[in-house]
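Architecture at a glance
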6 protein chains.
Amino acid sequence: MLNKNVQTFIACDCEYDDAEIVLFGAGFDGTASFRPGTRFAPQTIRSESFGIETYSPYQDKDMTDMRFFDSGDPELPFGNTERVLDIIKERTKTILDDGKLPFMIGGEHLVTLGAVRAAAEKYKDLYILHFDAHADLREEYLGEKLSHACVLRRCHEIVGDGHIFQFGIRSGDREEFAFAREHTFMHKFDLDGLKDAAAALEGKNVYLTVDLDVLDPSVFPGTGTPEAGGVTFEELRQALTFCCGRLDIIGCDVNELSPPCDQSGVSTAAACKIIREMLIAL
Amino acid sequence: MLNKNVQTFIACDCEYDDAEIVLFGAGFDGTASFRPGTRFAPQTIRSESFGIETYSPYQDKDMTDMRFFDSGDPELPFGNTERVLDIIKERTKTILDDGKLPFMIGGEHLVTLGAVRAAAEKYKDLYILHFDAHADLREEYLGEKLSHACVLRRCHEIVGDGHIFQFGIRSGDREEFAFAREHTFMHKFDLDGLKDAAAALEGKNVYLTVDLDVLDPSVFPGTGTPEAGGVTFEELRQALTFCCGRLDIIGCDVNELSPPCDQSGVSTAAACKIIREMLIAL
Amino acid sequence: MLNKNVQTFIACDCEYDDAEIVLFGAGFDGTASFRPGTRFAPQTIRSESFGIETYSPYQDKDMTDMRFFDSGDPELPFGNTERVLDIIKERTKTILDDGKLPFMIGGEHLVTLGAVRAAAEKYKDLYILHFDAHADLREEYLGEKLSHACVLRRCHEIVGDGHIFQFGIRSGDREEFAFAREHTFMHKFDLDGLKDAAAALEGKNVYLTVDLDVLDPSVFPGTGTPEAGGVTFEELRQALTFCCGRLDIIGCDVNELSPPCDQSGVSTAAACKIIREMLIAL
Amino acid sequence: MLNKNVQTFIACDCEYDDAEIVLFGAGFDGTASFRPGTRFAPQTIRSESFGIETYSPYQDKDMTDMRFFDSGDPELPFGNTERVLDIIKERTKTILDDGKLPFMIGGEHLVTLGAVRAAAEKYKDLYILHFDAHADLREEYLGEKLSHACVLRRCHEIVGDGHIFQFGIRSGDREEFAFAREHTFMHKFDLDGLKDAAAALEGKNVYLTVDLDVLDPSVFPGTGTPEAGGVTFEELRQALTFCCGRLDIIGCDVNELSPPCDQSGVSTAAACKIIREMLIAL
Amino acid sequence: MLNKNVQTFIACDCEYDDAEIVLFGAGFDGTASFRPGTRFAPQTIRSESFGIETYSPYQDKDMTDMRFFDSGDPELPFGNTERVLDIIKERTKTILDDGKLPFMIGGEHLVTLGAVRAAAEKYKDLYILHFDAHADLREEYLGEKLSHACVLRRCHEIVGDGHIFQFGIRSGDREEFAFAREHTFMHKFDLDGLKDAAAALEGKNVYLTVDLDVLDPSVFPGTGTPEAGGVTFEELRQALTFCCGRLDIIGCDVNELSPPCDQSGVSTAAACKIIREMLIAL
Amino acid sequence: MLNKNVQTFIACDCEYDDAEIVLFGAGFDGTASFRPGTRFAPQTIRSESFGIETYSPYQDKDMTDMRFFDSGDPELPFGNTERVLDIIKERTKTILDDGKLPFMIGGEHLVTLGAVRAAAEKYKDLYILHFDAHADLREEYLGEKLSHACVLRRCHEIVGDGHIFQFGIRSGDREEFAFAREHTFMHKFDLDGLKDAAAALEGKNVYLTVDLDVLDPSVFPGTGTPEAGGVTFEELRQALTFCCGRLDIIGCDVNELSPPCDQSGVSTAAACKIIREMLIAL
């Protein structure tokens, strides 16, 4: 008779066994060198998701007609980065092994490495589609190889040359851009060329990672290292709807929302809407 | 010899009898389900209005050449929604009966219902022009018929089919969009088609209601339920200048600014500028 | 295998049938005339409760040895005050009828009225013990009888003369203090005289209502109408531990935390600790 | 029929000619070297004053039985300190010449100099009673003689040795404390010895200046240069009630509230209450 | 062996004698009539500059290949505007006399006057290229001639008719726009026509002053008087890169960032990036 | 001729070789489980230290008469806790080996472990004097032994039974208090008994660690896990002055200020004053 407060992302409340897509949160920000706060993203996104609707007028579909499960957040031991990545890998692997699509809500971008490690074990020829303001291709950062600034470099060590497609990149050091010219498909500044990339990725197993700071800071101020000159919400929404509908996405994540950086709540609301549109399109 | 502090919207200080347009505030946010704060809008807008100029370079006109009166805020009893609407209706009716144009500063969007009730009593064939991110067409919300989420539905009960024109709508549940297809002219996502609507409304008595969250949250983060993907300031400014100049607006309101949601003050400044441009164009 | 996020107050997770004390939230702030925000208190208190310990070094006892159940928040329709009170009364009645002690987390102080209505139906000779900075004894406020500023006056209509004991009161209008001299036991400014009151209340059925603004604003800035000159945390903690241990408390509430008013989180942490100490002592 | 918003301090709305005490605001913070913001104090204090009651349970008196007038804020040209002081002096002089008591709300502490200049012209043997955390006795600050850090030194040049009584002082450079030993009666750290000072000041013309940072920052965080280790609200309230009732206060000010430094509003509420208690006691 | 914290703008750490461009901060906001805070801009910009990269993917160049020196902030006596301008003029003159390019970080816009005074002494036929939302052409403001609202008017008195080119202007009183029609080249609202202006300015000695509020408030909310309807970051970035590369800029400044107005840090990050692009392009 | 910005703690600018006390910052918050932010403490403390005076009226001494050196912050790799502790140990060891007293500014409390490791290598019979709200005696936290919640437990492994004296402790789990009864001298809730402890510690080598959350949150809200019911500023100031003057302190730290948790700046100002008083007393 009395109800309990169960906090999930809106409309992600079917049974685990019935779900096609399984969400989980990885609110880790342990290597954030500048302003931490992405640790609060999963909890805040869930709580604020009830401020948006389950119906998308863009796609004319409703989340309530689909089956999503929000599996909560595995507990992550701050200060022990390697163990954090193991826990993320384990959760991702469980979901993949059960034939479902893992949808991770970060956290800093390094959490992607845990998920990609699990995905690469299951899918031998894995491709990564990457939206971001930053190249994240450093060999190391402050002497550490496990850093948000190095995450795509670590992923490159797993998936190899030509398997990473990057869009919206507008920041990095000189060496990262040089590395990209040799080893990844990087499209700078905007999302042009996405159609060509999609054609190349068609039929491949694709892991999709969305660093929300690819958005212009006017749209998405709530992130630790905002980079002026990004894409609009409509550009990103259309790009993600297109990719999620067209490609064989086998796993994905949305990361780098830092709620304390934006007290207006606008960034969290935008993140919720991006996640809704992706969930519906997938 | 000593001056008193009289806080009005900038340049709205002529005598009541001389005024053509009469402002008042209705800072009610009693049905806000999410984040309250629009109660502070009238006071904040007045105080910050002294940060803008009375001269519009867009229209090359100056407010000081016109006659506006700011009649202050009637006291609203929080917790008693029906009585609040009565008080708003009464104030609107007084202004209309004196042959002046009422310009209400909300508050949450429900306040529009009080004003429309008064307007519909005076003008039998009333049309409503509605700018908003949300359809506001629910039959009820949390079991209540008097809610900001239902305000246009309540207005529809007054003005009837085909008398409501909606622009910029990008959020609502499935039923609201279905209702709109049957009963209102709804233009989704942007302000295209406004010229056609203006042609249809020409010569009609039009009540204009502007929910400022029709603006993109990048431009207007200070609102309780921000919806990414909105219109730019220039688009809204041009649309409102056009409508105020072209149509027979018999009353209007600007609502849903929530100052505590935007500590930068940018949203309040945008609201002030929208109000100035409307006042000059009317 | 995968866990769900169940958000309760810390260590309040036994089965309902086993519980001796049942918490629920009533995050209503619909009559707040000044700064709203207490609506966020139940959710914030639960989430921040994991920042305190379950063990009290003051009482040398641990919450984990006891049986509490957090029954979540009944959905409250903002804008319809009477219906809100009915829902609160219903929840309180259910808990009382099941032989358990209801522990409500407000919300504005008016929520107490719903709980007292239920308690007075069950316990014919009900006493109220009231800690507050404000007398809350107005006949009406802005023309409304159902207002946070009138809640003890409404309670007085139920329990009658001499059945309300008030402590810490340091604000009100002249009439409220005059009313108190006639109809309640009011102790102004501090908590002296509590021992005498406890002696008088011994063996009676007592409803305990704690408006946290009885605390000094230095300790508890997170409230809508802070009143300088209040009691210290230690004074209130000792008083409540004493009362909860000594008296026959048949129901209680803790209210008027407004999380947005205190971004430091200090007020929420203090509220959590007060609730822990009360739960252990009851 | 329609009301205007006239923003005065609560219950300060009698006619000028009838008033015994005349308030005005001097929101100048042009020499603030650290964090500006006191410019917003008069406006914020007025607006928040409606959150307190007109009745004082401490003195059992009500402001509505007395006659106060709030004359608003003279416009102050930021950037031209000397002219600002002239304008303050002029306003003070007008009020004094009309046989009323000027009550100034700062602003930074330098505004006191303008008022003291006017007071010293009217009262030849003027004494200053000064509550503050800082000595404010520097000869110059950053090369300037007109600075908040020098204001009592400038006042000393007007009223001379032995005419300044300082309480609560707990910060300053070595030279300021040395100067005080020679030229003022300074009581460090707390308000002990106030009774002796009052005895010495009895029958003298006393200008009372209250820098609210004399309060402990826990009680009053909203100030530009908070100094830990201050007095409690009760200590200051009692001291000011005592002085205002006992001494011949011919003018006074309350200054250094910086609203942006305290988003909780607690400091502003404390300032309002201090002003109410002073107004009633004077 | 132990390092000291030397806070400069990123990569501006060569020796003074080797530098081609010399930065300094002028965090003066003494005439700000509305919301102060630009005083914190130089310090905040330096500290946050370490959140951007030294490499520009737009220009494919790296700051580390060039020679910049950050000479810190001369101490400015708040409250004495004329002396502040003298100090700024002195610093600018020293840098110019040493054959280097002065790059000032404001501060409110009035600081430009100090720099222009020095530049006009060295370069007899000086032109000013001005990006701003506001015309800043008032004869006086609140009775003062030295005000941020008058700075270009004061500059006009120095450089004369036809020597000031203004872009992006969308706010001012009627007289300012009338003045501009007679005495300056003003381009309203956007940056169109910049190519023509550049052609006209080619070969002239140009002082470049950038009031960052020329940006749309969505991109740059952190300023005291935000004006909706501004230019995008990309538009400004391209315009400044073009001007700095094409024209003979003999000195420049970037001003009106007010860090307290934007707690997200987005505005500061945008300012840092603008400065980086200018430094590389100059 | 041109100055550089060198940011040190106020009056800590002598040459390293001349210094008796050497400060450094260790802004590590990598294991903070709740709200991060102590990483910003060293930078913020230095910058805000210029808001206090160098002269202490409490001790009637001036920092400018003594010789302190602020050696800046060693760069700490977030995400690699063991390496962070090594770097802190190294810096501490260098200072100790040069015969100077290391004064570390945290950072979360775990940083103390690095310093104690260095101190214990030099001083065989080391004692620790510990002020804190929390016992910090857990064996592990979230499966990690290197956590702020375990730091005194780790220190106990180094210095052994009876070598740790704890004051002000008012939070912990049951096991921590049980551990303390066996292995440390713990004084709960307040600072009583400090004189006895000082007598016992006289002549011993004492490392002093001050977790500022021992202060009441009213005085010091700016910390990640505020615990109501703490000591006053005066109590802590007197206790630390007494200990620093009486005991053979061979190293010390002040930690757990989290500037983002307190936007008023009051907590940072209190921290600066505590550090000043300790530096003068040592």
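Our subject is the structure that appears above.
Residues numbered from 1 in each chain as written. Chains lettered and ligands numbered in written order. Predicted model: local features only at pLDDT ≥ 70, side-chain atom pairs only at ≥ 80, totals over all residues. Heavy atoms only, no water.

1. So, the overall build of chain A
Along its length, chain A carries eight helices and 10 strands. Taken against the 2.2 N^0.38 rule, which gives 19 Å for 282 residues, the C-alpha radius of gyration of chain A at 17 Å falls within 12% of a compact globule. Expressed as lengths along the three principal axes of its C-alpha atoms, the size of chain A is roughly 60 × 40 × 40 Å. Looking at the 282 residues of chain A, the share that counts as buried comes to 69%. Here the contacts in chain A between residues at least 6 apart in sequence split such that 77% fall between residues at least 24 apart. (Helix = DSSP H or I, 4+ residues; strand = E, 2+ residues; numbered from the N terminus. Rg over C-alpha atoms; globule rule 2.2 N^0.38 Å. Buried < 20%, exposed > 50% of the residue type's maximum accessible area, 1.4 Å probe, protein only. Contact = heavy atoms within 4.5 Å.)

2. Thoughts on the sheet that holds strand β7 (residues 164-169) of chain A
The strands that make up a sheet pair up through hydrogen bonds in the backbone, lying either parallel or antiparallel. Residues and elements named next belong to chain A. Taken in spatial order, the eight strands line up as β4-β1-β5-β10-β9-β6-β7-β8 in an open sheet, and their pairing is parallel. The two strands at the open ends of the sheet, each matched to only one other strand, are β4 (68-70) and β8 (185-188). Across the sheet, the mean angle separating the axes of adjacent strands is 15 degrees when strand polarity is ignored. Its contacts with the sheet place helix α7 (residues 233-246) against β6 (126-131), β9 (205-211) and β10 (248-255), and it is angled at close to 165 degrees to β6. (Pairing = 2+ DSSP bridges. Axes fitted to C-alpha atoms, helices over the stretch in contact; angles between N-to-C directions.)

3. Observations regarding the interface of chain E and chain D
How big an interface is tends to be reported as the loss of accessible area on association of its parts. Each partner contributes residues to the interface: chain E has 21 residues there, and chain D has 21 residues. Taken over both partners, the interface formed by chain E and chain D buries close to 1,600 Å², and the fraction arising from carbon and sulfur atoms is 47%. Summed over the three residues of chain E that lose the most area to chain D, namely R39(E), L142(E) and E144(E), the buried surface amounts to 30% of that side. Our count for the contact surface shared by chain E and chain D stands at two salt bridges. The closest approach of N and O atoms between E144(E) and R83(D), which form a salt bridge, is 2.2 Å. Inspection of the region where chain E meets chain D yields 12 residue pairs in polar contact (both at pLDDT 80 or more). (Buried area = accessible area lost by both parts, 1.4 Å probe. Salt bridge = Lys/Arg side-chain N within 4 Å of Asp/Glu carboxyl O. Polar contact = N/O pair within 3.5 Å; in protein donor to acceptor, adjacent residues only side chain to side chain.)

4. Some details on the pattern of salt bridges
Throughout the structure, instances matching the rule amount to 126 salt bridges over all chains. Across the pair E202(E) and R246(E) runs a salt bridge whose closest N-O atoms are separated by 2.7 Å. In this pair, E202(E) sits in the loop between α6 (194-201) and β9 (205-211) while R246(E) sits in helix α7 (residues 233-246), placing the two residues 44 residues apart along the sequence. On the accessibility criterion, E202(E) (41% relative accessible area) is partly exposed. Salt bridges here are not isolated pairs; linked through shared partners, they connect E139(A), K145(A), R153(A), R154(A) and E157(A).

5. Section: the pairing of strand β5 (residues 101-106) of chain C
Side chains on a regular strand alternate between the two faces of the sheet. Residues and elements named next belong to chain C. β5 sits mainly inside the fold: six of its six residues count as buried. Judged by which residues are buried, β5 turns out to be covered on both faces: L101, F103 and I105 on one side and P102, M104 and G106 on the other are all buried. Looking at chain direction, strand β1 (residues 21-26) and β5 are connected through six bridges and run parallel. Bridge pairing in β5 links A26 to G106. Relative to strand β10 (residues 248-255), β5 is paired through three bridges, and the arrangement is parallel. Each bridged residue has a counterpart across the sheet, and for I105 the counterpart in β10 is V254.

6. Things to note about the relation of the copies chain C and chain B
Rotating chain C by 180 degrees and translating it 0.0 Å along the rotation axis places it on chain B, where the RMSD comes to 0.0 Å. Expressed as a symmetry operation, the mapping of one chain copy onto the other fits a two-fold axis. (Least-squares fit on C-alpha atoms with pLDDT ≥ 70 in both.)

7. Digging into the relation of the copies chain E and chain D
Mapping chain E onto chain D leaves a residual RMSD of 0.0 Å; the transformation is a rotation of 180 degrees accompanied by 0.0 Å of translation along its axis. Both copies share a contact surface, since 100% of the interface residues of chain E are interface residues in chain D too.

8. Describing the arrangement of the chains
Taking C-alpha atoms as the reference, chain C and chain E come no closer than 13 Å and do not contact one another. Structurally, chain B and chain F remain out of contact, their C-alpha atoms never closer than 13 Å.

9. Quick notes on the packing of helix α1 (residues 41-48) of chain C against helix α8 (residues 266-281) of chain C
Residues and elements named next belong to chain C. Following both chains from N to C, one finds α1 and α8 inclined at 80 degrees, their axes separated by 9 Å at the closest point. One finds that α1 runs roughly perpendicular with respect to α8. Between α1, through T44, I45 and E48, and α8, the contact on the second element is made entirely by T268, A271, C272 and I275. Counted by class, the contact of α1 with α8 contains four nonpolar, two polar and one charged residues. (Parallel < 35°, antiparallel > 145°, perpendicular 65-115°, else oblique. Nonpolar A, V, L, I, M, F, W, Y, C, P; charged D, E, K, R; others polar.)

10. Brief notes about the sheet that holds strand β7 (residues 164-169) of chain E
Residue and element names in this part refer to chain E. As summarised here, the arrangement of the eight strands in space is β4-β1-β5-β10-β9-β6-β7-β8, forming an open sheet in which the pairing is parallel. At either end of the open sheet lies a strand with only one pairing partner, and these are β4 (68-70) and β8 (185-188). Averaged over all pairs of adjacent strands, the angle between their axes in this sheet comes to 15 degrees, without regard to strand direction. Sheet topology note: the strand β1 (residues 21-26)/β4 ladder contains three bridges and is parallel. Looking at the pairing, I21 lines up with F68 of β4. Seen against the sheet, helix α2 (residues 81-97) touches β1, β5 (101-106) and β10 (248-255) and runs at an angle of roughly 175 degrees to β1. Against the sheet, α7 makes contact with β6 (126-131), β9 and β10, and its axis sits at roughly 165 degrees relative to β6, the strand it touches most.

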